[in-house]
Amino acid sequence: IIFSFLWKVKRLNSVLLAKEIREAESSVREGFSELRRDILEELRLLESSGKTLSAEEISRKEHILRELELIQKNTEREISDIDARTGNG
């Protein structure tokens, strides 16, 4: 009886943890997508202002886009690692 009870508690904890992880993953993805949209919109507004961008501004823009892509890839990789470790992926 004790073994059965402990097994059920462990199973319930696993289910709850998996649910929390899915919610966290969803929140991170949504937050990152919103941040990405906002940054890209700001860059579009900067480009459409009619002002010619300086070499430094172009360099900074390209840097931001590279960093954004790198952060997205790293975040997706970390989420995949968590999925693999918890058996969700």
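Residues numbered from 1 in each chain as written. Predicted model: local features only at pLDDT ≥ 70, side-chain atom pairs only at ≥ 80, totals over all residues. Heavy atoms only, no water.

Caption draft 1: Expanded view of the overall build of the protein. Within the protein one finds 2 helices and 0 strands. At 21 Å, the protein has a C-alpha radius of gyration far larger than the 12 Å of a compact globule built from 89 residues. Each principal axis of the C-alpha distribution contributes one length, and for the protein these read about 75 × 15 × 15 Å. A total of 89 residues make up the protein; the buried ones form 10% of that total. As presented, the protein carries roughly 7300 Å² of accessible surface, and 58% of it is formed by carbon and sulfur atoms. (Helix = DSSP H or I, 4+ residues; strand = E, 2+ residues; numbered from the N terminus. Rg over C-alpha atoms; globule rule 2.2 N^0.38 Å. Buried < 20%, exposed > 50% of the residue type's maximum accessible area, 1.4 Å probe, protein only. Areas by Shrake-Rupley, 256 points an atom, 1.4 Å probe, with all protein chains shown as cover.)

Caption draft 2: Spotlight on helix H1 (residues 2-47). Look at H1: 67 Å from first C-alpha to last across 46 residues, which is about the 68 Å you get at 1.5 Å a residue. Structurally, H1 contributes buried residues whose contacts are with helix H2 (55-86). (Expected span 1.5 Å × (residues − 1). Contact = heavy atoms within 4.5 Å.)

Caption draft 3: Looking closely at the pattern of salt bridges. Summed over all chains, the structure comprises 6 salt bridges. The residue glutamate 69 makes a salt bridge to arginine 36 at a minimum N-O spacing of 3.7 Å. In this pair, glutamate 69 sits in helix H2 while arginine 36 sits in helix H1, placing the two residues 33 residues apart along the sequence. For glutamate 69, a relative accessible area of 31% puts it in the partly exposed group. You can call arginine 36 partly exposed: its relative accessible area is 25%. A salt bridge links lysine 61 to glutamate 47; the nearest nitrogen and oxygen atoms lie 2.1 Å apart. (Salt bridge = Lys/Arg side-chain N within 4 Å of Asp/Glu carboxyl O.)

It is worth stressing that arrangement in space is one thing and function is another; only the former is reported here.
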